[in-house]
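Per-entry structural report
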Amino acid sequence: SICVFFFDNGINFLRKNHWKEHYDLSLQLFDGAAKCSFFIGDNESLNLLTEQILTYARTFQDKLNVMYITVSALSYASRLPESIEKGMIILSKLGQLLPESTSDADIDSCIEQTL
């Protein structure tokens, strides 16, 4: 894909300590390349790019986009239990705690509260 080609070229021009010297540019290039890899179904490249971002990103916010892409990729690969587990972890880090199991009464109660 042409978009992967452009992002790869940009990444190849980065110097050895690019995450320290050019953090914002590195994050943008790796994030863009990860999105392209996801869209074309290149899971191997997606995993490598994601690993780089998760290793070097300075804040949880900087990791969030690639975490979303990872959850989506797992879902598209029919790895739903793993996708749900990672999604639950992300939501908990965002302060959104969801119960791991619910009863029909819990669901009915939530529906009544929204009506």
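Described below are features of the structure shown in this document. (Residues numbered from 1 in each chain as written. Predicted model: local features only at pLDDT ≥ 70, side-chain atom pairs only at ≥ 80, totals over all residues. Heavy atoms only, no water.)

Some words on the pattern of salt bridges
Within this structure, the stated rule accounts for 2 salt bridges. The closest approach of N and O atoms between K35 and D31, which form a salt bridge, is 3.6 Å. Of this pair, K35 and D31 both sit in helix α3 (residues 23-40), 4 residues apart, which is roughly one turn of that helix. Residue R79 is joined to E82 by a salt bridge in which the shortest nitrogen-to-oxygen separation is 2.7 Å. (Salt bridge = Lys/Arg side-chain N within 4 Å of Asp/Glu carboxyl O. Helix = DSSP H or I, 4+ residues; strand = E, 2+ residues; numbered from the N terminus.)

Points about the nonpolar core
Ranked by size, the top nonpolar core spans 17 residues in total, and within it I11, W19, F30, L46, L49 and I53 carry the most contacts. Listed by contribution, the elements that provide at least two residues to this core are α3, α4 (43-56) and α5 (60-76). No other element matches α3, which puts 7 residues into this core. Apart from residues no more than four positions distant in its own chain, I11 is found in contact with L29, F30, A33 and L49. (Core = buried A, V, L, I, M, F, W, Y, C linked by side-chain atoms within 4.5 Å. Buried < 20%, exposed > 50% of the residue type's maximum accessible area, 1.4 Å probe, protein only. Contact = heavy atoms within 4.5 Å.)

Section: the packing of α4 against α5
Where α4 contacts α5, the axes come no closer than 10 Å and their chain directions differ by 150°. The angle between the axes of α4 and α5 places the two elements in the roughly antiparallel class. Of the two elements, α4 crosses α5, and the hand of that crossing is left-handed. Facing α4, whose interface residues are L46, T50, I53 and L54, α5 presents D62, K63, V66, M67, I69, T70 and A73. Residues of the contact of α4 with α5, tallied by class, amount to 7 nonpolar, 2 polar and 2 charged. (Axes fitted to C-alpha atoms, helices over the stretch in contact; angles between N-to-C directions. Parallel < 35°, antiparallel > 145°, perpendicular 65-115°, else oblique. Left-handed = near helix turned anticlockwise from the far one by under 90°. Nonpolar A, V, L, I, M, F, W, Y, C, P; charged D, E, K, R; others polar.)

Section: helix α6 (residues 80-93)
With 14 residues, α6 ought to run about 20 Å at 1.5 Å a step, and its terminal C-alpha atoms sit 20 Å apart, in line with that. Those residues of α6 that fall on the buried side of the exposure criterion are S83, G87 and I90. Taken around the axis of α6, the buried residues stretch over an arc of 60°, which confines them to a single face. Turned more than 90 degrees from where α6 packs its buried face, P81, I84, E85 and K93 sit exposed. Buried positions along α6 lie against α5. Immediately downstream of α6, the backbone of G95 shows phi near 85°, a positive value. (Expected span 1.5 Å × (residues − 1). Arc of directions from axis to C-beta.)

Observations regarding the layout of surface pockets
Gaps left between atoms show up when a probe the size of a water molecule is rolled over them. Taken as a whole, the largest pocket encloses approximately 360 Å³ of empty space. Together, 19 residues line the largest pocket, and T50, T70, V71, L74 and K86 are the ones closest to its centre. Where the lining of the largest pocket is concerned, the elements lending two or more residues are α4, α5 and α6. Ranked by residues supplied to the lining of the largest pocket, first place goes to α5 with 7 residues. Its residues assigned to classes, the lining of the largest pocket comprises 10 nonpolar, 4 polar and 5 charged. (1 Å grid on protein atoms, 1.4 Å probe; cavity = no way out; pocket = protein on both sides within 12 Å on 5 of 7 lines; lining within 4 Å. Points joined across faces, edges and corners; volume = space filled by probe spheres on them.)

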